[in-house]
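Residue strings, one per chain:
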Amino acid sequence: MASRSTSSLCATALLLVVVSWAASASARNFYQDFDITWGDGRAQILNNGDLLTLSLDKASGSGFQSKNEYLFGKIDMQLKLVPGNSAGTVTAYYLSSNGSTWDEIDYEFLGNLSGDPYILHTNVFSQGKGNREQQFYLWFDPTADFHTYSILWNPQRIIFSVDGTPIREFKNAESIGVPFPKAQPMRIFSSLWNADDWATRGGLVKTDWTQAPFTASYRSFNADNACVWSSGSSSCASSTSSSSDGNAWLSEELDSTGQDRLKWVQSNYMIYNYCTDAKRFPQGFPPECSMS
């Protein structure tokens with residue numbers, strides 16, 4: 001009995017080692033997925049690739065971009081924003097294509113004085129046209145811990161979510177003449193930079209450089225449900241419909257619970273919506289604003 005028990009324990013231990021190795025071999029990390037693009041050492045990949053930090057001081061900010069380009073995806077990243085007095089700083093996290101008629105899907109986090117809430121600024125560009133800003137306060141302190149900021153981008157809609165709660169939906173409105181980002185592959189970018197000429201109360205509050213360096217942290221990137229674009233073709237080309245279980249996100253939409261949570265956020269935490277800014281659009285609101 002003892003020998004059989006011992007061999008069983010050995011087999012179990014070996015299995016655990018194999019499973020652990022397979023998990024670590026398949027786990028993504030920042031070394032594999034991203035390139036640091038600027039900042040002269042102010043951006044760092046740490047903890048064997050599990051953590052990335054961007055820093056800003058008076059001389060420079062820093063930034064990174066994804067190695068892959070994507071044409072549609074469900075993309076998650078956990079961020080912990082600059083703590084303390086972050087007034088004047090902007091942490092940008094976004095998808096963008098190249099060229100003069102680029103597409104872009106933006107999160108920008110506008111810093112503030114200690115104790116005042118961050119402003120989460122969102123925007124969508126299609127064929128070089130943006131001006132679709134919506135801004136929110138968050139219902140938690142985004143500097144105290146990591147939170148998940150997600151973008152669902154499929155041919156029908158773009159949904160911005162925070163910790164799984166949808167905060168904004170931008171629907172495909174090509175039927176009424178509004179271009180939609182669906183033909184240009186985009187990389188993921190992030191940067192931390194000084195924008196005290198406009199970021200905090202329209203530039204009234206300046207960056208306090210005695211608080212530098214300012215640091216934002218990133219972890220748990222996930223783009224498993226995304227179409228990688230390479231050499232002119234998509235990794236999803238053979239199965240671009242929702243008939244494949246693995247690509248259900250390509251036709252995902254908000255269910256009734258998601259719609260209720262979206263309304264909750266927009267009723268309680270939205271502080272600016274371009275679709276209600278009559279002074280900005282005296283000739284009438286953009287056509288997509290008429291969509292429910």
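Residues numbered from 1 in each chain as written. Predicted model: local features only at pLDDT ≥ 70, side-chain atom pairs only at ≥ 80, totals over all residues. Heavy atoms only, no water.

1. Considering the sheet that holds strand β6 (residues 89-96)
Link 1 in the chain: Strand order in the open sheet made by the 8 strands is β1-β4-β13-β6-β7-β8-β9-β16, with antiparallel pairing throughout. Here the strands that pair on one side only, and so sit at the sheet edges, are β1 (34-38) and β16 (270-273). On average, adjacent strands in this sheet sit at an angle of 15 degrees to one another, irrespective of strand direction.
Link 2 in the chain: Sheet topology places β6 next to strand β13 (residues 187-194); 8 bridges connect them, and they run antiparallel. Bridge pairing in β13 links Thr91 to Leu192. (Pairing = 2+ DSSP bridges. Helix = DSSP H or I, 4+ residues; strand = E, 2+ residues; numbered from the N terminus. Axes fitted to C-alpha atoms, helices over the stretch in contact; angles between N-to-C directions.)

2. Here's the deal with the pairing of strand β4 (residues 62-66)
Link 1 in the chain: Of all 5 residues making up β4, 4 are buried, and the element is well covered by its neighbours.
Link 2 in the chain: As judged from the 4 bridges shared by β1 and β4, these two strands associate in the antiparallel manner. Its bridge partner lying in β4, Phe34 is registered against Ser66.
Link 3 in the chain: Pairing between β4 and β13: 4 bridges, direction antiparallel. Residue pairing for β13: Gly63 is matched across the bridge by Ser191. (Buried < 20%, exposed > 50% of the residue type's maximum accessible area, 1.4 Å probe, protein only.)

3. Some words on the nonpolar core
Link 1 in the chain: Within the largest apolar cluster, 60 residues are counted, with the highest numbers of intra-cluster contacts made by Ile75, Met77, Tyr107, Trp153, Ile158, Tyr218 and Phe221.
Link 2 in the chain: Of the residues forming this core, the biggest block, 7 residues, is contributed by strand β14 (residues 214-230).
Link 3 in the chain: Here Ile75 is in contact with Tyr70, Tyr93, Leu95, Tyr149, Ser150, Ile151, Ile188, Phe221, Asn222, Ala223 and Ala226, once residues within four sequence places are set aside.
Link 4 in the chain: Core analysis: the next-biggest nonpolar cluster, separate from the first, contains 5 residues, Val90, Ile119, Ala195 and Ala199 among them. (Core = buried A, V, L, I, M, F, W, Y, C linked by side-chain atoms within 4.5 Å. Contact = heavy atoms within 4.5 Å.)

4. Let's talk about the environment of Leu138
Link 1 in the chain: Mapping Leu138 onto the fold places it in the loop between β9 (134-136) and β10 (147-153).
Link 2 in the chain: Separated by 127 residues in sequence, Leu138 and Val265 place their C-alpha atoms 8.9 Å apart.
Link 3 in the chain: Leaving out residues up to four positions away in the same chain, Leu138 has contacts with Tyr118, Leu120, Tyr149, Val162 and Tyr269.

5. What to know about the pattern of salt bridges
Link 1 in the chain: A full pass over the atoms with the stated rule returns 7 salt bridges.
Link 2 in the chain: In this structure, Asp57 and Arg42 form a salt bridge, with 3.0 Å as the shortest nitrogen-oxygen distance. Of this pair, Asp57 sits in the loop between β3 (51-56) and β4 while Arg42 sits in the loop between β1 and β2 (44-46), and the two are 15 residues apart along the sequence.
Link 3 in the chain: For Asp57, a relative accessible area of 24% gives the class partly exposed.
Link 4 in the chain: Its relative accessible area of 18% is what places Arg42 among the buried residues.
Link 5 in the chain: Residue Glu169 pairs with Arg157 through a salt bridge whose shortest N-O separation is 2.8 Å. Taken together, the positions of Glu169 in strand β12 (residues 165-171) and Arg157 in strand β11 (residues 157-162) put the pair 12 residues apart, joining distant regions of the chain.
Link 6 in the chain: The exposure class of Arg157 is buried, given its relative accessible area of 11%. (Salt bridge = Lys/Arg side-chain N within 4 Å of Asp/Glu carboxyl O.)

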